[in-house]
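Observations on chain architecture
What follows is each chain in one-letter form.
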Amino acid sequence: MENIADFCRKYLEKHIKTAQNLYKFTNDRSLMAKKLLSLQRGLTGSRTLIGSPYMQDDSLLAPYFLYYWPVSYTQMWCILWSVKDRILSLIESCANEKAPLTLTDLGSGPAPCAAAFCDMVDYLRGEKRVQIKVLLLDSSSKALTLAKKLFEVDFDSVSIKTQVCNMEKDFASGPILQEKNNVLLMSHALNELFAENGDREKICTHLLTNCTQMLTANGFFALSEPALLETSRFLIQVRNRLLKEGTVALLSPCPGNADCPVLLEKNHTCHGDFLWTPPKPVSSLAEEAGLDRHSVKMSYFVFALHDKAQADEDGTFMVTSDPMLNKAGRVRYLLCNGKKRIAFSAKKDDPHAREQGFFNLRRYDIIRIENPEIRESGALGFAKDTKLVYTNYNG
């Protein structure tokens, strides 16, 4: 089965080529790899670049556009795939009403996530024609200029507008968004906001609540963060607060809207992990820099206004761990039903479990389990008549 992250390959290769033509990056792979490592350490290691104007540094543009831009794009593609039915509904309604599909990307940078959404619409729309209106908000004027250049080359049916916005300062003056949107995106931006504020969780929730009120009734808000312990747990904390307010509910990825049980365990978190065959600039740069890039990982949630969002689904589980082999020779996963995490295991050489796809489960697969064995402490086991039903396969 093809990986979801690879469905967008033709689009991604086109954008990489456009970026190379526009910016004439150096061909010195060794130099780019060194710059990539500086960028990687500053963003996900020491995190010294967080909140800094690193997009103003010309020497970082090549590794960003040839590595991090494709990674962020692919992450958002996988997130959007989980709500493709909602996107299809938006395409249908906008095409019928001859109205533009409106999107605002908050903290967009050079807009890899907005690009992923526009390409997803093209991938799903079939014969339907729909115009997309995109607003990019970011504190870096250079990042917005770079995004606009790429959009003007690669997206004929997209109307693009950019606006310099400091979300911390502008939010203190009033609502950031002035018009209703079908779609809101925010990727890898929340972790940079209000870092010095003692009540950061509360004020970030307040910001997101104000943004969600500018969604159309059939719209959605996709929010993602790096798959790091600190950033993932903070995102989950904000998720719980948003759901308790009762104005939004989850479309993806969780099977339900209860408090996330992962926060009950110290130093635990939850993130998606999607297999990926990266295009050559990404794979060759990763190899040169000694980085592993066989999948994309991120924590994310997709919200919708409450009366349009999904209800809790009893009997549905999301895979929240990699496979683990214990001393008894059983392979075990942790599943979440939206309220608690439950172990699910099978003997490592069980042919029935293999035939049912048990050993191919990946994080954020959504499954239903028929006729499981009930083991000690409520754990589930694979029995001879157990069946797996995939509700959503993440590839």
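The structure contained in this document is the topic of the report that follows. Because the structure is predicted, anything quoted here is derived from the model rather than measured.

This part takes up the overall build of the chain. What the chain contains, in helices and strands, is 11 helices and 16 strands. Radius of gyration (C-alpha) of the chain: 21 Å, near the 21 Å computed for a compact globule of 395 residues. Within the chain, the fraction of its 395 residues that count as buried is 56%. For the chain, restricting intrachain contacts to residue pairs at least 6 apart in sequence, the fraction spanning at least 24 positions comes to 75%. The average position of the 49 basic charges and that of the 46 acidic charges among the side chains of the chain differ by 2 Å.

Here the focus is the environment of Leu-264. Here Leu-264 is to be found in the loop between β6 (248-252) and β7 (272-275). The class for Leu-264 is exposed, based on a relative accessible area of 76%. Between the alpha carbons of Leu-264 and Gln-131 there is a distance of 45 Å; along the sequence they are 133 residues apart.

Moving on, we get to helix α5 (residues 112-124). Along its 13 residues, α5 runs 18 Å from first to last C-alpha, staying within 8% of the 18 Å computed at 1.5 Å per residue. Within the span of α5, buried status applies to Pro-112, Cys-113, Ala-114, Ala-115, Ala-116, Phe-117, Cys-118, Asp-119, Met-120, Val-121 and Leu-124. At the exit of α5 stands Gly-126, carrying a positive phi of roughly 65 degrees.

Calculation notes
- The numbers attached to residues start from 1 for each chain and follow its sequence in the written order.
- Reporting in this predicted model follows two pLDDT cut-offs: at least 70 for local features of residues, and 80 or more for side-chain atom pairs to be given and counted; totals over whole chains, interfaces and linings ignore these cut-offs and use all residues.
- Water and hydrogen atoms were dropped before computing side-chain values, which therefore reflect all heavy atoms in the structure.
- In this text, helices come from DSSP runs of H or I with a minimum length of four residues, and strands from runs of E with a minimum of two, each type numbered from the N-terminal end.
- C-alpha atoms define the radius of gyration, and 2.2 Å times the number of residues to the power 0.38 defines the globule rule.
- Each residue is assigned to one of three classes by its accessible area relative to the maximum for its type, calculated with a 1.4 Å probe on protein chains only: buried under 20%, partly exposed between the two thresholds, exposed over 50%.
- Contacts are residue-level and defined by heavy atoms, with any inter-residue pair within 4.5 Å sufficient.
- Charge assignment: positive for Lys and Arg, negative for Asp and Glu; neither His nor the chain ends contribute.
- Charged groups are reduced to one reference atom each: NZ for lysine, CZ for arginine, CG for aspartic acid, CD for glutamic acid.
- By definition here, a helix of n residues has an expected span of 1.5 Å times n minus one.

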